[in-house]
Amino acid sequence: MSTNPADPLVALGALPGVPDAVDSVRKAVDRVYGHRVMRRRSNEVTSEAALRGARASAALSGADWALEEVRRRTDFGGDAEARTVGAALRLGAEAGQLLSIWRQSPMRVLARLHLVAVGEAAGAAGAAADSVGRPRRDGEAVDEPLIDAPLPDAGEVAGRLEGLSDLIVAGSSAPALVTAAVVHGELLALRPFTSYSGLVARAAERIVLIGSGLDPKAICPAEVGHAEQGRAAYVAAFEGYLSGTPEGMAAWIAHCGRAVELGVRESTAVCEALQRGAA
């Protein structure tokens, strides 16, 4: 429930097409939660969703590995692609541990996510130790594959992060999909860290979807859907967010909704495989 009398997310939830996207996502999520496999083997579905979500998020950041390669590998400290996959896997494992902190201190969670993403490979990744877990400063290089929109300066980053944090802490009565899409889009727009901001943005989207109660068992990996729709479609939808227009914002939210639905489809296939004994 919102404690914020001026809740801007509610207006976004009423944009043309957004209520339909919200309704479609809710129905899709309800269907997979009703699958008979979820009664006894939901932990297996959750683990598989985390793995597939991490693989997909890494793919969007330029490390497009086959699922079985991700499953097989144990060393992720080699080249840049391996470090990206390792970062995505660590974020997938960490996200569920931060739910109780997110609503009280989003900035603390974002700092933790970046720290986890960088891991112990800061030197190998070219990340200065003092840049880990804090917003970037003016003049610092930003390594963010895929997104090449103009970078806001450090002052704007700090101000907008504070605004986003205040919005989360105040709470919103807007649907979870809307909040998740805004958190994701805003972090992509800001690219607040010197590295792995895209991975962090998608992990934060996941935290919102789980913590809101829409996907409490974390079985609907939106990252899979973002990757499946393609990098070009992801960037095009994100440009709608950057535009700030009602049409652009609605298109971005709908894109995020479709990503959740495709994540649901992926986990439904996992449920079916478990039911057949094939997984």
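Look up: the structure comes first, before these words.
As the structure is a computational prediction, the values presented were derived from the model and not from experiment.

Comments concerning the overall build of the protein chain
Then, number 1: When helices and strands are counted, the protein chain shows 13 helices and 0 strands.
Then, number 2: Moving toward the C terminus, one meets the helices and strands of the protein chain in the order α-α-α-α-α-α-α-α-α-α-α-α-α.
Then, number 3: Each principal axis of the C-alpha distribution contributes one length, and for the protein chain these read about 55 × 50 × 35 Å.
Then, number 4: Sorting the 279 residues of the protein chain into buried and exposed places 53% on the buried side.
Then, number 5: Sequence-distant contacts in the protein chain: of pairs separated by 6 or more residues, those separated by 24 or more amount to 73%.
Then, number 6: Total accessible area on the protein chain stands at roughly 12200 Å², and carbon and sulfur atoms take up 52% of it.

Here we look at the packing of helix H7 (residues 106-118) against helix H8 (residues 154-170)
Then, number 1: Where H7 meets H8, the axes come as close as 9 Å, and the angle between the chain directions of the two elements is 120 degrees. Accordingly, the angle class assigned to the pair H7 and H8 is oblique. Here Pro 106, Met 107 and Leu 110 of H7 lie close against H8, whose contacting residues are Leu 161, Ser 165, Ile 168 and Val 169.
Then, number 2: The residue inventory of the contact of H7 with H8, partitioned by class, reads 6 nonpolar, 1 polar and no charged.

Some details on the environment of Leu 164
Then, number 1: Topologically, Leu 164 is positioned in helix H8.
Then, number 2: Residue Leu 164 is classed as buried on the basis of its relative accessible area of 7%.
Then, number 3: For the pair Leu 164 and Leu 187, spaced 23 residues apart in the sequence, the C-alpha separation amounts to 9.2 Å.
Then, number 4: Residues in contact with Leu 164, not counting those within four places in the same chain, are Val 183, Glu 186 and Leu 187.

Notes on the nonpolar core
Where a protein is soluble and globular, its nonpolar side chains tend to be buried together.
Then, number 1: The biggest cluster of nonpolar side chains holds 85 residues, and the ones touching the most others in it are Trp 102, Leu 110, Leu 113 and Trp 252.
Then, number 2: Here Leu 110 is in contact with Trp 102, Leu 161, Leu 187, Phe 193, Val 200 and Ala 204, once residues within four sequence places are set aside.

Thresholds applied
Residues numbered from 1 in each chain as written. Predicted model: local features only at pLDDT ≥ 70, side-chain atom pairs only at ≥ 80, totals over all residues. Heavy atoms only, no water. Helix = DSSP H or I, 4+ residues; strand = E, 2+ residues; numbered from the N terminus. Buried < 20%, exposed > 50% of the residue type's maximum accessible area, 1.4 Å probe, protein only. Contact = heavy atoms within 4.5 Å. Areas by Shrake-Rupley, 256 points an atom, 1.4 Å probe, with all protein chains shown as cover. Axes fitted to C-alpha atoms, helices over the stretch in contact; angles between N-to-C directions. Parallel < 35°, antiparallel > 145°, perpendicular 65-115°, else oblique. Nonpolar A, V, L, I, M, F, W, Y, C, P; charged D, E, K, R; others polar. Core = buried A, V, L, I, M, F, W, Y, C linked by side-chain atoms within 4.5 Å.

By themselves these figures say nothing about function.
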